[in-house]
Amino acid sequence: MIKSLDKVLQDSKLNIRTLKALAENSFDSILITDVTNRPKILYANKAFKKLTGYSPAEVLGKTPKILQGAATDKTVITRLSKTLSAGRTFEGKAINYKKDGTPFLMHWRVVPVKLGKDTSVWLAIQRETSSI
Ligand SMILES: Cc1cc2nc3c(=O)[nH]c(=O)nc-3n(C[C@H](O)[C@H](O)[C@H](O)COP(=O)(O)O)c2cc1C
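Engineer: Is there a simple way to think about the side chain of N45 in this case?
Structural biologist: Tracing the backbone through its elements, the reader meets N45 in the loop between β2 (41-44) and α3 (46-52). Its relative accessible area of 0% is what places N45 among the buried residues. Side-chain polar atoms of N45 contact the backbone oxygen of A23, separated by 3.0 Å. At 3.1 Å, the side chain of N45 forms a polar contact with the backbone oxygen of D28. Beyond its immediate sequence surroundings of up to four residues, N45 is in contact with A23, S26, D28, S29, I30 and P56.

Engineer: When you look at the packing of aromatic side chains in this model, what are you seeing that I'm missing?
Structural biologist: The relative placement of two aromatic rings is captured by the distance of their centres and the angle of their planes. The tally for this structure, following the rule as stated, stands at one aromatic pair. Of note, K98 hangs over the ring of F104, and the distance from its end group to the ring centre comes to 4.7 Å.

Engineer: Help me understand the layout of surface pockets, please; the structure alone is not making it clear to me.
Structural biologist: Picture a little ball the size of a water molecule; that probe, rolled over the atoms, points out where space is still empty. Roughly 610 Å³ of volume is contained in the largest pocket. For the lining of the largest pocket, the secondary structure elements donating two or more residues are β1 (29-33), α5 (74-85), β4 (103-115) and β5 (118-129). For the lining of the largest pocket, the class distribution of residues is twelve nonpolar, nine polar and two charged. Volume-wise, the second largest pocket comes out at about 380 Å³. Around the second largest pocket, the lining is made up of 13 residues, and of these L19, A23, I30, I32 and L123 lie nearest the centre. By residue number, the principal contributor to the lining of the second largest pocket is helix α2 (residues 12-25), which donates five residues. Broken down by class, the residue content of the lining of the second largest pocket amounts to ten nonpolar, one polar and two charged.

Engineer: How should I be thinking about α5 in this particular structure?
Structural biologist: Turn by turn, an α-helix covers 3.6 residues, leaving residues three or four places apart pointing in a common direction. The end-to-end C-alpha distance of α5 is 17 Å, a good match for the 16 Å that twelve residues give at a rise of 1.5 Å each. For α5, every residue scored as buried is listed here: V76, I77, L80, T83 and L84. Looking down the long axis of α5, one finds its buried residues gathered within 125 degrees of arc, a one-sided arrangement. Away from its buried face, by an angle of more than 90 degrees, α5 presents the exposed residues K74, T75, K82 and S85. Tucked into the core, α5 has its buried residues touching β3 (90-97), β4 and β5. With its phi angle positive at about 80 degrees, G87 sits one or two positions after the end of α5.

What counts and what doesn't
Residues numbered from 1 in each chain as written. Predicted model: local features only at pLDDT ≥ 70, side-chain atom pairs only at ≥ 80, totals over all residues. Heavy atoms only, no water. Helix = DSSP H or I, 4+ residues; strand = E, 2+ residues; numbered from the N terminus. Buried < 20%, exposed > 50% of the residue type's maximum accessible area, 1.4 Å probe, protein only. Polar contact = N/O pair within 3.5 Å; in protein donor to acceptor, adjacent residues only side chain to side chain. Contact = heavy atoms within 4.5 Å. Phe/Tyr/Trp six-rings, centres within 6.5 Å; stacked < 30°, edge-to-face > 60°. Lys NZ or Arg CZ within 6 Å of the ring centre and 35° of its normal. 1 Å grid on protein atoms, 1.4 Å probe; cavity = no way out; pocket = protein on both sides within 12 Å on 5 of 7 lines; lining within 4 Å. Points joined across faces, edges and corners; volume = space filled by probe spheres on them. Nonpolar A, V, L, I, M, F, W, Y, C, P; charged D, E, K, R; others polar. Expected span 1.5 Å × (residues − 1). Arc of directions from axis to C-beta.

Purely geometric stuff here, so don't read any function into it on its own.
Put into structure tokens, the structure is as follows:
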């Protein structure tokens, strides 16, 4: 009988390596932030650079708000803040801006990663989309 993935990942080193390989090789952009009033980026993958033009190193410690600008829909951002404060998963679309100022439509989801009932980090999956 094959082992379940849970069993294989009981080895914590292998668990971390598998998650890192997933994040580093994802076609979608991935951001992880701390859980504060002004979330700061703890991790960005290579696909984040491909999507936005910002390298992971230059965004560490910064806020994902660097992606926002004049045409970003504030009602979406208010919904995001309310959803995250309630400990729930957010999904939405809004105009964001690449490092060179090019606007694009971002489709993203932010998931609270919890230990018990407390959220330890927020994890975002992001991609460019063409439809609202
Ligand atoms: C993990 C995570 C990823 C985020 N990614 C984006 C994003 O891709 N685009 C965006 O416009 N805002 C994003 N945000 C939202 C901003 O960081 C910020 O939380 C939001 O603007 C609310 O703060 P404010 O009320 O000070 O504007 C993200 C937030 C978190 C926690």
